[in-house]
Amino acid sequence: MIDPPLERLKERLYLSVPHMGGSELNYVRDAFDTNWLSTVGPNLTALEREVEALVGCSAAALSSGTAGLHLALRLVGVGEDDEVVTPTLSFAASANAIRYLGGVPVFLDSDHATWNMDPNLLESFLKKRAASNRLPKAVMVVHLFGQPAAMREIQQLCDRYALPLVEDAAESLGALYEGKHPGALADVGVYSFNGNKMITGTTGGMLVSPNGDWVAKARSWSSQALDPDPEGVSNYVHSELGYSYGMSNVVAGIVRGQLEVLDQRVTQRRRVFERYVQGLESLPEWQPQPEASRCRHSRWLSCFLLDESRSSITAYDVMRFLAALNVESRPVWRPMHLQPLYQRFEVVGGEVAEQLNRCGICLPSSSSMSAELQSFVVEAVKQASKTRLTLMEQS
Ligand SMILES: *Cc1c(COP(=O)(O)O)cnc(C)c1O
């Protein structure tokens, strides 16, 4: 029995789309009504307080997550030629922020349990570097796809060698590590409100840290680093290099509305993931991304890994099949050590990240996706798996 071929969707099904909660426009309207239409205003102040209450750290609202990473790395002292250890498996924004400061990324492989930075590899790397007196300047973890990295082990290593620890939590707002918020577990962390993340302000980011002075410093850098005004006439004095990295009070209004539904969005994305797990149960060659112990994975994206030894098709075949049906899917991030931009930098290991990139797939994961559309995707993955098999059997 051959299933009838699926018909191409009329409207493209995207990987992750914005999902408004309802009160965003009220906050935006307040901004217009009160003419707070710049990078200061009541929504900004309130949003920072709300994020602080959520994660238990000081917070500064910014124009993007990438801007936040740039400032976070500068806060921990990264400068020209300083090495920063970071996972090779991430989005380019993580490593780019190191380069903005003239720093030098050292790429570490992932582990199979979390898909994030392998703490055992970090341990042997730091041990070797300490022996030759060449410790890096800092470590930056990434909580990929909403899966918290092994923070306890990594923090212990950073403590042992007195290294600052930065968290790229752009993808993981709403996740939990031992009941706490990744991003707010180490020296400084960053969230993103870009349009395809857990929640969105259409754009935007947030830097958080238990060090209030650092957050104040980041806020000052983000708005052109003005010194205190000695003459009281805004005759600007600059002693430090600043940026235009502030969040708009309009964007802050959108994020405030979104923050109210964050828990709901996590629940919905986790439900999407569970439905995939059930739907693909009959295809044992597809393994879901595991959930690390003592963690709540936010399931920003639902990721699966194809067991090559049990499959006659590749993950890329399936992605092309889905694309033909107007369904967006993506490989797990292309490792940085394979990027033209970064292949000249040191990489420690890399085989796990390469395998995750080659065999991993991110399926449409929007919190607003209907069960019917999701069934369509499941059916498409099943047909993709079968189609090729049938062709092979015939030949
Ligand atoms: C999205 C993302 C960023 C960048 O966030 P923006 O707000 O888009 O600048 C950084 N790191 C990772 C891992 C991301 O996924």
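Residues numbered from 1 in each chain as written. Predicted model: local features only at pLDDT ≥ 70, side-chain atom pairs only at ≥ 80, totals over all residues. Heavy atoms only, no water.

We now examine the overall build of the protein. The number of helices and strands found in the protein is 12 helices and 13 strands. Against the compact-globule benchmark of 21 Å for 395 residues, the protein has a radius of gyration of 22 Å, which places it among compact chains. Taking the principal axes of its C-alpha atoms as reference, the protein extends roughly 85 × 60 × 35 Å. Looking at the 395 residues of the protein, the share that counts as buried comes to 54%. Within the protein, contacts between residues at least 6 apart in sequence are counted, and of these 73% link residues at least 24 apart. (Helix = DSSP H or I, 4+ residues; strand = E, 2+ residues; numbered from the N terminus. Rg over C-alpha atoms; globule rule 2.2 N^0.38 Å. Buried < 20%, exposed > 50% of the residue type's maximum accessible area, 1.4 Å probe, protein only. Contact = heavy atoms within 4.5 Å.)

It is worth spelling out the domain arrangement of the protein at this point. Domain annotation of the protein identifies domain 1 (24-261) and domain 2 (263-394). One C-alpha centre belongs to domain 1, the other to domain 2; they are set 27 Å apart. Listed per partner, the contact involves 44 residues of domain 1 and 42 residues of domain 2. Summing the contributions of domain 1 and of domain 2, the shared interface buries around 3700 Å²; its carbon and sulfur component is 61%. A per-residue breakdown of the area domain 1 buries against domain 2 is headed by Trp 115, Phe 145 and Met 198, which together make up 22% of the total. Applying the counting criterion to the domain 1 and domain 2 interface returns two salt bridges. Between Arg 129 and Glu 346 there is a salt bridge, with its nearest N and O atoms 3.0 Å apart. Linking domain 1 with domain 2 are 27 residue pairs in polar contact (both at pLDDT 80 or more), by the criterion used here. Elements represented by at least two residues in the side of domain 1 that touches domain 2 include exactly α4 (92-100), β3 (104-108), α5 (119-131), α6 (151-160) and β6 (176-177). Counting residues per element, the side of domain 1 that touches domain 2 draws most heavily on β3, at five residues. For the side of domain 1 that touches domain 2, the residue count by class is 23 nonpolar, 11 polar and 10 charged. (Domains from an automatic or database assignment. Buried area = accessible area lost by both parts, 1.4 Å probe. Salt bridge = Lys/Arg side-chain N within 4 Å of Asp/Glu carboxyl O. Polar contact = N/O pair within 3.5 Å; in protein donor to acceptor, adjacent residues only side chain to side chain. Nonpolar A, V, L, I, M, F, W, Y, C, P; charged D, E, K, R; others polar.)

Across the five residues that make up strand β4 (residues 138-142), a large majority, five, are buried. Burial along β4 is two-sided: the face carrying Ala 138, Met 140 and Val 142 and the face carrying Val 139 and Val 141 are both buried. Of the pairings in the sheet, the one linking strand β2 (residues 83-87) to β4 comprises two bridges and is parallel in character. Bridge pairing in β4 links Val 85 to Val 139. With four bridges joining them, β4 and strand β5 (residues 165-168) adopt parallel strand pairing. When the bridges of β5 are listed, Val 141 appears paired with Glu 167. Handedness of the crossover joining β4 and β5 through α6 is recorded here as right-handed. (Pairing = 2+ DSSP bridges. Right-handed = clockwise from strand over helix to strand, strands pointing away.)

Next up on the list: the packing of α5 against α6. Between α5 and α6, the shortest axis-to-axis distance is 9 Å and the interhelical angle comes to 10 degrees. In terms of orientation, α5 and α6 fall into the roughly parallel class. In this structure, α5 contributes Pro 119, Leu 122, Glu 123 and Leu 126 to the contact, and α6 contributes Glu 153, Ile 154, Leu 157 and Arg 160. The residue inventory of the contact of α5 with α6, partitioned by class, reads five nonpolar, no polar and three charged. (Axes fitted to C-alpha atoms, helices over the stretch in contact; angles between N-to-C directions. Parallel < 35°, antiparallel > 145°, perpendicular 65-115°, else oblique.)

With that settled, consider the nonpolar core. A general trend in soluble globular proteins is that nonpolar side chains are found buried together. One finds Phe 145, Met 206, Val 208, Met 247, Trp 286, Leu 363 and Val 381 to be the most contacted residues of the largest nonpolar core, which totals 66 residues. Considering every element that reaches this core, the biggest residue donor is helix α12 (residues 371-394), with six residues. Counting contributing residues per domain, this core is built from domain 1 (24-261) and domain 2 (263-394), each supplying no fewer than three. Among all residues touching Leu 363, those that are not within four sequence positions of it are Leu 15, Tyr 276, Leu 280, Ser 302, Phe 304, Leu 322, Val 377 and Val 381. Judged by nonpolar contacts, the second largest core, of 26 residues, contains Leu 101, Val 215, Tyr 243 and Tyr 245. (Core = buried A, V, L, I, M, F, W, Y, C linked by side-chain atoms within 4.5 Å.)

Turning our attention to the sheet that holds strand β9 (residues 286-288). Overall, antiparallel pairing links the three strands, which are arranged β9-β11-β13 in an open sheet. Each edge of the sheet is formed by a strand with only one pairing partner; in this case those strands are β9 and β13 (360-363). Each strand of the sheet is rotated relative to its neighbour by a mean of 35 degrees, with strand direction disregarded. Helix-sheet contacts for helix α9 (residues 262-279) involve β9, β11 (302-306) and β13, and the interaxial angle to β11 is about 30 degrees.

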